[in-house]
Amino acid sequence: MGMAPVAHVLFNKFMTFNPKNPDWVNRDRFVLSNGHGCMLQYALLHLFGYALSIDDLKAFRQVDSITPGHPEAHDTPGIEVTTGPLGQGFANAVGLAIAQAHTAAVFNKPGFELINNHTYMFFGDGCAMEGIASEAASTAGHLQLGNLIAIYDDNHISIDGDTKCAFTEDVMKRFEAYGWHIQHVTNGDSDLEGIEAAIAEAKKVTDKPSVIKLTTTIGFGSKLQGTGGVHGNPLKSDDIKQVKEKFGFDPEKTFVVPQEVYDQYHKHAAEGAAAEQEWNKLFEKYGKEHKDLHDDLARRLTRDLPEGWEKKLPTYKPTDPAIASRKLSESVLEAVHDVIPELISGSADLTGSNNTRWKNAVDFQPPSLGIGNWAGRYMRYGVREHAMAAIMNGLTAYGTIIPAGGTFLNFVSYAAGAVRLSSLSKQRVIYVATHDSIGLGEDGPTHQPIETLAHFRALPNMMVWRPADGNETSAAYYMALTSKSTPSILALTRQNLPQLEGSTLEKAIKGGYVALEDKEANVTLVSTGSEVGICLEAVKTLKEKNVKARVVSLPCFEVFDAQDKEYKLSVIPAGIPTMSVEVMSTMGWEKYSHEQFGLNRFGASGPYKEVYAKFEFTPEGIAKRALLTIDFYKDVKPLRSPIDRAFQQLI
């Protein structure tokens, strides 16, 4: 209620968009930083003629609402990004603004200003308290994003009540230090002219992002205005009636919108439709003078990749040298960046460790700094893993970019809130997660991920890849780049990995395959990443003991689970025991193996080979446990594979 005046001014006086085509690329973007105030957003969408009815608004108030409490981008037309957790939308907005600046730099030409939209964002005290918003605000200030305008709802209330109990800093001084242009409208409840003037002034500032501090009264007009009691709680019936009377509505009528309101909002919607029509004409003319760029932008907006791009993916033979999968990832980026121009890479201050930068990459930077330009395709996120992930959600939501960003696998956990929203909002984001195990060695347990893969494998709609060699790394990128609505985490090694005899890109894109077959095997060893090669060595150790084994590589659970039952049973068959091998938590491996050999404790500091030996992740250690597994099942031989059991449970 306190933000209704600024929403009215912003949507009617400044924002350009076409409700009949919510995906028009040059529309202005609007983001609610934490998703709260969504009833107001749904009301605005309804008034402008998006596919949202009065019945939807009524349903919003019911327990079995068909409209989500926090807007989700793929569920409701007109919702740009899925926010919800505090501060996420702030960082998403920074990503949208970066995407606009980059896209404009690539495609705008003299006489053809195709891309010139602004990103507007509302945030409150809760968002200002969250670390991710601080990370993102610092990033935006450094990047001088003059196309980003934030409205700070200064109502002094959070869920716990008055902010004087926990939050008494001067927020504007902080933003000024970040490099933002700052303004203050003291009467946000009713000073429509002041609000309009402040937004107009912010639009004139092109060399830095703008924030407008808007002092408002939460629950303005209600009996509980200005108190925590109105935060997130519906008004009581008598309060609703008196609010309606106060603002000139019939207190006995519900969900009634005066026709003049519809007329005004529909008029602005029609103006937006006309603006898109003019843009379409400009784009058509652009195609005659800049055909290649026109065709590239048109293709990007379909989210399809350039035809034949996959032919650039590196492939490997067993005779090729052993290479760390982080270096194999770098080779993929080096090979495909020219043929996938929408691919933007980056790192959270670990470029040299993540290997996320191709040789001739140009940094995305303000030209005034002299270290890059707006058309640059490499992002320097700084030590801001959480903001990086949420910014990438904004980058891909813009519609013209595929972002990849690097950090250590252990620190993807720092970014977990935004990673979860990548999955929930079906964004094509690629997390390049290097230093994936105790194999990183001397950095020790603080950096060695143990539980991380179990966490993210449990996340719906997330492809977690842990490739064992070069072909599997290329397969991981193939799936990550072609999956338009699923994000990916690529867990990559610091240590060198041999190129496997049985691997191919075609096999690996199924998520799991037989790396070494033996129809007379006594046991199946199923593994991922760096341990697949060790399992293959363990087969030789077992052979010396007259025991036969077969090896399965399972680089991606999510993709393997999507295969048909017949294929999965051909990979992990019935009749013999299966043992999983991975230097991480064994949680989740019960689905694919009868016995699990993993690391259900923290790691240790030391050279990686010594650390592997300490925990017996060696051919001899694996062989020893395989023999125990075979012995355990000698009298109770498994008649079904774990895959078959899991399938039976499902049906």
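Throughout this description, residue numbers start from 1 for each chain and increase along the sequence as written. It should be noted that, the model being predicted, local features are given only for residues of pLDDT at least 70 and side-chain atom pairs only at 80 or more, the latter also being counted only at that level, while totals for whole chains, interfaces and linings use all residues. Hydrogens are left out, water is left out, and the side-chain values use all remaining heavy atoms of the structure.

### Quick notes on the environment of Ala387
Here is the rule we go by: Put simply, DSSP marks the helices as runs of H or I at least four residues long and the strands as runs of E at least two long, and each gets a number from the N terminus on. Contacts between residues were defined by any pair of non-hydrogen atoms, one from each residue, lying within 4.5 Å.
Mapped onto the elements of the fold, Ala387 is located in helix α14 (residues 385–398). Along the chain, Ala387 and Gly417 lie 30 residues apart, while their C-alpha atoms are 9.9 Å from each other. Discounting residues that sit within four places of it in the chain, Ala387 has contacts with Ala91, Ile132, Glu135 and Ala136.

### Comments concerning the packing of helix α10 (residues 259–289) against helix α11 (residues 291–302)
Selection rule: Axes here mean lines fitted to C-alpha atoms, for a helix over just the part in contact, with angles spanning 0 to 180 degrees between N-to-C directions. By the definition adopted for this analysis, an angle is roughly parallel if under 35 degrees, roughly antiparallel if over 145, roughly perpendicular if from 65 to 115, and oblique otherwise. Put simply, Ala, Val, Leu, Ile, Met, Phe, Trp, Tyr, Cys and Pro go in the nonpolar bin, Asp, Glu, Lys and Arg in the charged bin, and everything else, Gly too, in the polar bin.
Closest axis-to-axis distance for the α10/α11 pair is 5 Å, and the angle between their directions is 130 degrees. With respect to each other, α10 and α11 are oriented oblique. Between α10, through Phe283, Tyr286, Gly287 and Glu289, and α11, the contact on the second element is made entirely by Lys291, Leu293, His294, Leu297 and Ala298. Residue composition of the contact of α10 with α11, grouped by class: five nonpolar, two polar and two charged.

### Focus on the UniProt feature "domain: Transketolase-like pyrimidine-binding" (unreviewed entry) in the chain
Selection rule: UniProt positions are given in the numbering used here, feature names are shortened, and annotations may be inferred rather than shown by experiment.
When the UniProt feature table is mapped to this numbering, "domain: Transketolase-like pyrimidine-binding" (unreviewed entry) covers residues 323–499. As annotated, residues 323–499 has a helix share of 35% and a strand share of 18%, and its two end C-alpha atoms lie 8 Å apart.

### Details of the sheet that holds strand β11 (residues 402–408)
Applied cut-off: Each pair of strands is called paired provided DSSP finds at least two bridges between the two strands.
The strand order β10-β9-β11-β12-β14-β13 describes an open sheet built from six strands, whose pairing is parallel. Two strands bound the open sheet, and with one partner strand each, they are β10 (378–380) and β13 (463–465). Neighbour to neighbour, the strand axes of the sheet diverge by 20 degrees on average, direction disregarded. Bridge count between β11 and strand β12 (residues 430–434): five bridges; the pairing is parallel. Its bridge partner lying in β12, Thr407 is registered against Ala433. In this fold α14 packs onto β9 (343–347), β11 and β12, with an angle of close to 170 degrees to the strand it touches most, β11.

### Quick word on the pairing of β9
For clarity, the cut-off: For the exposure calls, accessible area comes from a 1.4 Å probe over protein chains only, and a residue counts as buried if that area is under 20% of its type's maximum, exposed if over 50%, partly exposed in between.
With respect to burial, β9 is a largely interior element, five of its five residues being buried. In terms of strand pairing, β9 meets β11 through three bridges, oriented parallel. Note on β11: the bridge partner recorded for Ser347 is Gly406. When β9 meets β10, the two strands line up parallel, connected through three bridges. Following the sheet pairing, Ser345 is matched in β10 by Tyr378.

### Structural notes on the UniProt feature "binding site: thiamine diphosphate" (unreviewed entry) in the chain
This chain's UniProt record puts "binding site: thiamine diphosphate" (unreviewed entry) on His36, Gly84, Pro85, Leu86, Gly126, Asn155, His231 and Phe411. Within the fold, Pro85 resides in the loop between α3 (54–60) and α4 (88–107). Accessibility expressed as a relative area gives 39% for Pro85, which makes it partly exposed. Apart from residues no more than four positions distant in its own chain, Pro85 is found in contact with Ser33, Asn34 and Leu421. Note that His231 resides in the loop between β7 (210–215) and α9 (237–246). Among all residues touching His231, those that are not within four sequence positions of it are Ile157, Ser158, Ile159 and Ile218.

### Some points on the domain arrangement of the chain
The following threshold applies: Throughout, the edges of the domains are those of an automatic or database domain assignment. By convention, the term buried area covers the 1.4 Å-probe accessible surface removed from two parts as they join, with the contributions of both added.
Per the domain assignment, the segments making up the chain are domain 1 (309–491) and domain 2 (510–633). Between the C-alpha centres of domain 1 and domain 2 there is a distance of 26 Å. Listed by partner, the interface residues are 27 residues for domain 1 and 31 residues for domain 2. Here domain 1 and domain 2 share an interface that buries about 2200 Å² over both sides, 60% of which is from carbon and sulfur atoms.

### Topic: the packing of helix α20 (residues 530–543) against helix α24 (residues 619–632)
Here is the rule: Each crossing is labelled by how the near helix is turned from the far one, with a counterclockwise turn of less than a right angle marking it left-handed and a clockwise turn marking it right-handed.
At a minimum axis distance of 8 Å, the contact between α20 and α24 shows a crossing angle of 65 degrees. In terms of orientation, α20 and α24 fall into the roughly perpendicular class. Crossing handedness for the pair α20 and α24: right-handed. Across from Ile534, Cys535, Glu537, Ala538, Thr541 and Leu542 in α20, the residues of α24 making contact are Pro619, Ile622, Ala623, Ala626 and Leu627.

### Some words on the pattern of salt bridges
Where charged atoms of side chains with opposite charge meet at close range, the side chains can pair. Spelled out, the test is: Between Lys or Arg on one side and Asp or Glu on the other, a salt bridge is scored when a side-chain nitrogen of the former is within 4 Å of a carboxyl oxygen of the latter.
As enumerated under the stated definition, the model contains 30 salt bridges in all. As a salt-bridge pair, Glu252 and Lys241 come within 3.9 Å of each other at their nearest N and O atoms. A residue pair is termed long-range when its members are at least 10 positions apart, and Glu252 in the loop between α9 and α10 and Lys241 in helix α9 qualify at eleven residues. For Glu252, a relative accessible area of 58% gives the class exposed. A salt bridge links Arg457 to Glu582, with the nearest nitrogen and oxygen atoms 2.9 Å apart. With a gap of 125 residues between them, Arg457 in helix α17 (residues 452–457) and Glu582 in the loop between β19 (578–581) and β20 (595–597) connect regions that are remote in the sequence. Taking the relative accessible area as the measure of exposure, Glu582 reaches 1% and is therefore buried. Through salt bridges with shared partners, a single network forms among Asp436, Arg457, Arg466, Glu531 and Glu582.

### Here's the deal with the environment of Asn410
Short version of the rule: For this analysis, a polar contact is any N or O atom pair within 3.5 Å, provided that within protein one partner can donate a hydrogen and the other can accept it, and provided that sequence-adjacent residues contribute only side-chain to side-chain pairs.
Within the secondary structure, Asn410 is located in helix α15 (residues 409–412). A C-alpha to C-alpha distance of 40 Å links Asn410 and Asn546, two positions 136 residues apart in sequence. Within the local environment of Asn410, its side chain forms a polar contact with the backbone oxygen of Thr446, the two atoms lying 2.7 Å apart.

### Quick word on unusual backbone geometry
A positive phi angle is found at Gln144, which is not glycine, with a value near 55 degrees. With respect to the helices and strands, Gln144 occurs in the loop between α6 (131–143) and β3 (148–154). Although it is not a glycine, Asn461 sits at a positive phi angle of roughly 60 degrees. As for its placement among the helices and strands, Asn461 is situated in the loop between α17 and β13.

### What about the sheet that holds strand β18 (residues 549–553)?
With mixed pairing, five strands are arranged side by side in an open sheet as β16-β18-β17-β19-β20. Both edges of this open sheet fall to β16 (513–516) and β20, since each of them pairs with a single strand only. Adjacent strand axes in the sheet meet at a mean angle of 30 degrees when their direction is disregarded. α20 rests against β16, β17 (523–527), β18 and β19 of the sheet, and its axis sits at about 175 degrees to β18.

### Comments concerning the packing of aromatic side chains
So the rule is basically this: Aromatic pairs are defined between Phe, Tyr and Trp rings, using the six-membered ring for Trp, whenever the two ring centres lie within 6.5 Å; interplanar angles under 30 degrees are classed as stacked, those over 60 as edge-to-face, and all others as tilted. A ring has a charge above it when a Lys NZ or an Arg CZ is no more than 6 Å from the ring centre and no more than 35 degrees off the ring normal.
Tallied over the full model, the rule gives 31 aromatic pairs. A ring pair is formed by Phe48 and Tyr265, whose centres lie 4.7 Å apart and whose planes are at 50 degrees; its orientation type is tilted. One end of the pair, Phe48, is in helix α2 (residues 38–48); the other, Tyr265, is in helix α10, with 217 residues separating them in the sequence. Of the two residues examined, Phe48 and Tyr265, each falls in the buried class. By the ring-pair criterion, three or more aromatic residues cluster together here, those being Phe11, Phe17, Phe30, Phe48, Phe122 and Tyr265. A cation sits over an aromatic face here: Lys614 above Phe615, 5.6 Å from the ring centre. Across from the ring centre of Phe597, 4.2 Å away, lies the NZ or CZ of Arg625, which sits over that ring.

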